[in-house]
Amino acid sequence: MQSLTFTCPDDWHLHVRDDRALNTVVPHSARQFARAIIMPNLKPPITTAAMALAYRRRILEAVPEENHFEPLMTLYLTESTTHDDVRAAAESPYIHAFKLYPAGATTHSDAGVKRLDRIFPILETMQRLDLPLLVHGEKTDPEIDLFDREKAFIDDELTSIIKRFPALRIVFEHATTRDAVQFVTEAAPNIAATITPQHLLYNRNALFEDGIRPHRYCLPILKRETYRKALIAAATGESRKFFLGTDSAPHPQQLKESSCGCAGCYTAHAALELYAELFEKAGALDKLEGFASFYGPDFYRLPRNSGTITLEKRPWQVPAHYPFADQTLIPLKAGECLAWKCIGKSEAPPAS
Ligand code: NCD
Ligand code: ZN
């Protein structure tokens, strides 16, 4: 049987929600990843170091005993974020970044930033204290076509942020367009991007394959095939600026399959398996370790993991659903067959 062992990977963009929902989703991630950047878009959002530390403890309680898993916390940037909030985050060994959601861009982003210039002083402090900024790169102006929002964010907002704060480390989260790939590739080394499995796997036709497919709906929305190909090329190419971030974003079945369904694909149940299949199809399995295990920690200036992960080429069927607190969670590719199965991590001491 073909097998694959490499340095234990991390997920650089993950939503785990809270309370009892943690018991389903945290073990899925902890089985495959040593660490994950935890998104702060709870309701209410995680805006202070104290909130992040309490949330971190709740996440750790949901980690199975046999796994080491380190949640890397982030804070939600708002127009009320203070310099003291930034300093407290920079001083904490558990907080690794701020997340910028333009107001209205996505799930639970109503507390997000309406006018970028209002947070410039905060970005200045983040740059000085070398705290990375993670951006949901979509301009939310309703006049802009949904499929053009990423490019509009780059042209109208990201470019000016970078001009003003050239040393600020920025992760362009869940890149979905050729424009984003090009921009990040050509930008300075302090600008990087994460890429999700769903944007590597599907183009926008997949949203309407034999009928509407709510479990493939996420934001930024799936894009055209030429853009998917550009993402595959970026993920499997030589650049160290592109790394793994699933954006696994669980929602209860009834909120996805609804007259006004939520955005978010759940992929944590099979994250690495999905990437492995994609990299294999691209003839680039040898590039998976860099993307999944090296470039992320290098960018965040954290040590690479010392343990390993093993996958076997062994077909398995994705469950039709998982329990999710009192509700049901439908994973991406529910009921379908995947080629690779993750056998487990060799447990090395937790990365510091
Ligand atoms: C995310 C969620 O549900 O929290 N949804 C999504 O479609 N990606 C929010 C986000 O990351 O934009
Ligand atoms: Zn996300």
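Before reading further, recall that the structure is shown in the block above.
Quick summary incoming for the structure in this document. The structure displayed is predicted, hence computed values, not measured ones.

Reading the values: rules and limits
- Residues numbered from 1 in each chain as written.
- Chains lettered and ligands numbered in written order.
- Predicted model: local features only at pLDDT ≥ 70, side-chain atom pairs only at ≥ 80, totals over all residues.
- Heavy atoms only, no water.
- Donors = N, O, S within 2.8 Å, 3.2 Å for Na, K, Ca; no water.
- Tetrahedral: all angles 85-135°; square planar, octahedral: opposite > 155°, others 65-115°.
- Helix = DSSP H or I, 4+ residues; strand = E, 2+ residues; numbered from the N terminus.
- Buried < 20%, exposed > 50% of the residue type's maximum accessible area, 1.4 Å probe, protein only.
- Contact = heavy atoms within 4.5 Å.
- Near = heavy atom within 4 Å.
- Areas by Shrake-Rupley, 256 points an atom, 1.4 Å probe, with all protein chains shown as cover.
- 1 Å grid on protein atoms, 1.4 Å probe; cavity = no way out; pocket = protein on both sides within 12 Å on 5 of 7 lines; lining within 4 Å.
- Sits in = over half its atoms within 2 Å of the grid points.
- Nonpolar A, V, L, I, M, F, W, Y, C, P; charged D, E, K, R; others polar.

1. What to know about the coordination of the zinc ion (ligand 2)
Logical step 1: The zinc ion (ligand 2) binds to the protein through H13 (NE2), H15 (NE2) and D247 (OD); the donor distances cover 2.0 to 2.1 Å.
Logical step 2: Around the zinc ion (ligand 2) sit four donor atoms, and with donor-metal-donor angles ranging over 91 to 145 degrees the site reads as irregular.
Logical step 3: Sequence spacing among the residues donating to the zinc ion (ligand 2) works out to H-x1-H-x231-D. Here H15 is found in the loop between β2 (11-14) and α1 (22-32), whereas its partner D247 is found in the loop between β9 (242-244) and α9 (253-256), with 232 residues between them in sequence.
Logical step 4: The exposure class assigned to D247 is buried, which follows from its relative accessible area of 5%.

2. What to know about the environment of A263
Logical step 1: Here A263 is to be found in the loop between α9 and α10 (271-281).
Logical step 2: Considering only alpha carbons, one finds A263 and H251, twelve residues apart in sequence, at a separation of 8.3 Å.
Logical step 3: Setting aside chain neighbours within four positions, we find A263 in contact with T107, Y217, C218, L219, H251 and K256.

3. Here's the deal with the site of ligand 1
Logical step 1: Near ligand 1 lie 15 residues; those nearest to it are N41, T106, L219, D247 and H251.
Logical step 2: Coverage of ligand 1 by the protein amounts to 100% of the 310 Å² it exposes when considered alone.
Logical step 3: Comparing atom positions with the cavity grids shows ligand 1 to sit within the largest cavity.
Logical step 4: Its residues assigned to classes, the shell around ligand 1 comprises four nonpolar, nine polar and two charged.

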